[in-house]
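# Structural description and commentary
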Amino acid sequence: MSTQPTATFTAPAAADPGADGADAPERDVRFRSDVAVELVKSSAADADVLFAARVSTAGEKSLDEVGTDAERSAGLINYLMRDRHGSPFEHNQFTFYVSAPIFVFREFMRHRTFSYNEESGRYRRLEPVFYLPGPERKLVQEGKPGRYVFVDGSAEQHALVETATRRVCTEAYHAYLEMLEAGVAREVARGVLPVSIYSSMYATCNARALMHFLSLRTKREDSTFPSFPQREIEMVAERMEEHFARTMPLTHAAWNRNGRVAP
Ligand SMILES: Cc1cc2nc3c(=O)[nH]c(=O)nc-3n(C[C@H](O)[C@H](O)[C@H](O)COP(=O)(O)OP(=O)(O)OC[C@H]3O[C@@H](n4cnc5c(N)ncnc54)[C@H](O)[C@@H]3O)c2cc1C
């Protein structure tokens, strides 16, 4: 177990050439079926929960007690989680770099306890990269709102999704370039682009906010309050949860043990 607060920074993968919009635009439209999530900066460890909680009884000596008894530490974190003493889980920070379709960002930014900065469609030319559901993506929705079940599509439905998506995104991107080349402002020309175009952002949160986000944006039948998120934001959430589990293993385990309810 890590016992001391940590601070790390990793630069995200380099942006595509031409991302600043200064050179010749790329005309070939590309399609992706995945998302990218990197933990670019963090100051987070289970120890951050412990010193914050122990100030209640140990005052300024709480930092000295961090890491003295692993079993007791795990027990304290589990108690805080179970009884929903949430504030000790706020003394830490995660910054994620996320690359995903804009329709995922629409859902993501409903989470008001995160801080965001996203690439601008006014200050740079958007890259020709669009989301195309992969062959494993379930296509057909059945059941009632809030309780939908998704089932595999037929080969014909998959083929239709692919040809329609490729056709419309390609045409839309070429119309976007046509307007830029005619001198129309980026902020006006982008209006023709579908929400399946990729964007990128930094999203910063603490563990308490992250647990709340994950409880809503992952689908787990064993949760106390199961949620039914759209698959594409769940793909982002799953990658974020892997980073969370690695960075704060005791907190992650206690959250799972207590029904994935944010304290
Ligand atoms: C499966 C699913 C389906 C959804 N469908 C829709 C939909 O059809 N239409 C739609 O509009 N949205 C939809 N949403 C978005 C949803 O309504 C929430 O906006 C989103 O999940 C963020 O949740 P939150 O407000 O709890 O989170 P955050 O904004 O991260 O807030 C965290 C917590 O802080 C507190 N808080 C934050 N702001 C306030 C405030 N102003 N007042 C009081 N307390 C506050 C609350 O306790 C809140 O739970 C959906 C979400 C999910 C997961």
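Reading guide: rules and limits
Residues numbered from 1 in each chain as written. Predicted model: local features only at pLDDT ≥ 70, side-chain atom pairs only at ≥ 80, totals over all residues. Axes fitted to C-alpha atoms, helices over the stretch in contact; angles between N-to-C directions. Helix = DSSP H or I, 4+ residues; strand = E, 2+ residues; numbered from the N terminus. Parallel < 35°, antiparallel > 145°, perpendicular 65-115°, else oblique. Left-handed = near helix turned anticlockwise from the far one by under 90°. Contact = placed C-beta atoms within 7 Å. Nonpolar A, V, L, I, M, F, W, Y, C, P; charged D, E, K, R; others polar. pLDDT = per-residue confidence, 0-100. Buried ≥ 20, exposed ≤ 12 C-beta atoms within 10 Å, placed from the backbone. Near = placed C-beta within 6 Å.

### With respect to the packing of helix H2 (residues 70–82) against helix H8 (residues 249–257)
Look at H2 against H8: their axes get within 9 Å of each other, and the N-to-C directions meet at 45 degrees. The angle between the axes of H2 and H8 places the two elements in the oblique class. Crossing of H2 over H8 shows right-handed handedness. Along the contact surface, H2 presents Ser73, Ala74, Ile77, Asn78 and Met81, while H8 presents Leu250, Thr251, Ala254, Trp255 and Arg257. For the contact of H2 with H8, a count of residues per class yields six nonpolar, three polar and one charged.

### Focus on the confidence of the model for the chain
Of all residues in the chain, 87% attain a pLDDT of 70 or more, and the chain-wide mean is 90. Low pLDDT (under 50) marks residues 1–6, which in the prediction has 20 contacts with non-local residues, meaning those over four places away or in another chain. Ignoring residues within four places in sequence, the model shows residues 14–21, a span with pLDDT below 50, making eight contacts including any to other chains.

### Concerning helix H6 (residues 207–217)
Of all eleven residues that make up H6, ten are buried, and the element is covered over most of its length. Within the sequence span of H6, burial applies to Ala207, Arg208, Ala209, Leu210, Met211, Phe213, Leu214, Ser215, Leu216 and Arg217.

### Side note on the site of the ligand
Residues in contact with the ligand, as listed here, are Arg110, His111, Arg112, Thr113, His212, Leu216, Ser227, Phe228 and Pro229. Considering only residue class, the shell around the ligand consists of three nonpolar, four polar and two charged.

### So, unusual backbone geometry
Of note in this structure, Arg84 is not a glycine but carries a positive phi near 60 degrees. Within the secondary structure layout, Arg84 lies in the loop between H2 and strand E4 (93–101). Located in the positive-phi region is Arg260, a residue other than glycine, with phi close to 55 degrees. Topologically, Arg260 is positioned in the segment after H8.

### Describing the environment of Arg122
By the secondary structure assignment, Arg122 is in the loop between strand E5 (115–118) and strand E6 (129–131). In contact with Arg122, other than residues within four places in its own chain, are Arg186 and Glu187.

### Section: H8
Buried within H8 we find Leu250, Thr251, His252, Ala254 and Trp255. Note on H8: the residue one or two positions beyond its end, Gly259, has a positive phi of about 80 degrees.

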